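Here's the letter readout for the chains.
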Amino acid sequence: MHGRVLIVAGSDSGGGAGIQADIKTVTMLDAYAMTAITALTAQNTEGVFGVLPIPPDFIRRQLEVVLDDIGADAVKTGMLHDAAVIEAVAAVLEERAALIPLVVDPVMVAKGGARLIEPGAIDALKTLLVARAAMLTPNLPEAEILCGRPIGNFAEMQGAAQALLALGCRAVLLKGGHLADDTVYDVLATGAGSRVWQSPRLATRHTHGTGCTLASAIAAGLAQGLPVEDAVDRARDYVQRAIASAPGLGRGHGPLDHAHPLRP
């Protein structure tokens, strides 16, 4: 099927999340992954032990040369740590990728609790990227920050999804994995209405990189021309299987099994 996906995100030295998860996911779904790396992290399954930001001008250069030569059918953003980075990314997309579907995964807090975005950057994220996104994929803590209100149950999730849609994006997939419930609810809100997926919670600590993986899987689907619901369907199925067969690596929140489609 192919489809070119340009990923703008941070590197995870442990290979479970970030650019590494994105490349594995896009490749396994038969699309072509390209990257603009926004930060290097020293991290493993137990946490983030250091972050080395890439200067905004160099992030911009990565985007420009890739878009000018190879082009893209979808763009996915992950870790964008400050307003200057968000402004640089938004400017290039406006100039060179205005009509290309944008998937915004508003990465704000790492699995271990480390904050990955500066508080002052959140307004820039909303106005410059969320407002033009084809798809926004927040988890509950991220949605609470973007909405400015707590989300404690399924009904509040549905309201929050509508509030996020009002920020200007064309679709929101609000992920309910943080609710304390045996069933995981994901709510998709679009201008045409909403749809809810529910699945039994998988009892595992090996969930590092699920958000990056899901957003990249959706971006691959959009790049390949899938309708939004079909892209979400396939992405959720891919992630659930990847969690279910996680290899159990590391002492903390271990990575998923991104290569599961290779095995019968």
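Residues numbered from 1 in each chain as written. Predicted model: local features only at pLDDT ≥ 70, side-chain atom pairs only at ≥ 80, totals over all residues. Heavy atoms only, no water.

**A look at the pattern of salt bridges**
Here is step 1 of the chain: If you walk through the whole model with that rule in mind, you get 16 salt bridges.
Here is step 2 of the chain: The residue Arg96 makes a salt bridge to Glu95 at a minimum N-O spacing of 3.1 Å.
Here is step 3 of the chain: Look at the salt bridges and you will find they share partners, linking Arg60, Arg61, Glu64, Asp68, Glu95 and Arg96 into a network. (Salt bridge = Lys/Arg side-chain N within 4 Å of Asp/Glu carboxyl O.)

**A look at the packing of helix α3 (residues 83-96) against helix α4 (residues 122-129)**
Here is step 1 of the chain: Here α3 crosses α4 at 10°, and the two axes come no closer than 9 Å. The orientation of α3 relative to α4 falls into the category roughly parallel. Only Ala124, Leu125, Leu128 and Leu129 of α4 make contact with α3, whose side of the interface consists of Ala83, Ile86, Glu87, Ala90 and Leu93.
Here is step 2 of the chain: Taken together, the residues that form the contact of α3 with α4 break down as 8 nonpolar, no polar and 1 charged. (Axes fitted to C-alpha atoms, helices over the stretch in contact; angles between N-to-C directions. Helix = DSSP H or I, 4+ residues; strand = E, 2+ residues; numbered from the N terminus. Parallel < 35°, antiparallel > 145°, perpendicular 65-115°, else oblique. Contact = heavy atoms within 4.5 Å. Nonpolar A, V, L, I, M, F, W, Y, C, P; charged D, E, K, R; others polar.)

**Description of helix α7 (residues 210-223)**
Here is step 1 of the chain: In a regular helix each residue adds 1.5 Å, so 14 residues correspond to 20 Å; α7 covers 20 Å between its end C-alpha atoms and thus fits that length.
Here is step 2 of the chain: For α7, a buried count of 14 out of 14 residues is recorded, marking the element as mostly surrounded by other parts of the structure.
Here is step 3 of the chain: Downstream of α7 by one or two residues, Gly225 has phi in the positive range, about 85°. (Expected span 1.5 Å × (residues − 1). Buried < 20%, exposed > 50% of the residue type's maximum accessible area, 1.4 Å probe, protein only.)

Interpretation in functional terms is not warranted from these geometric data alone.
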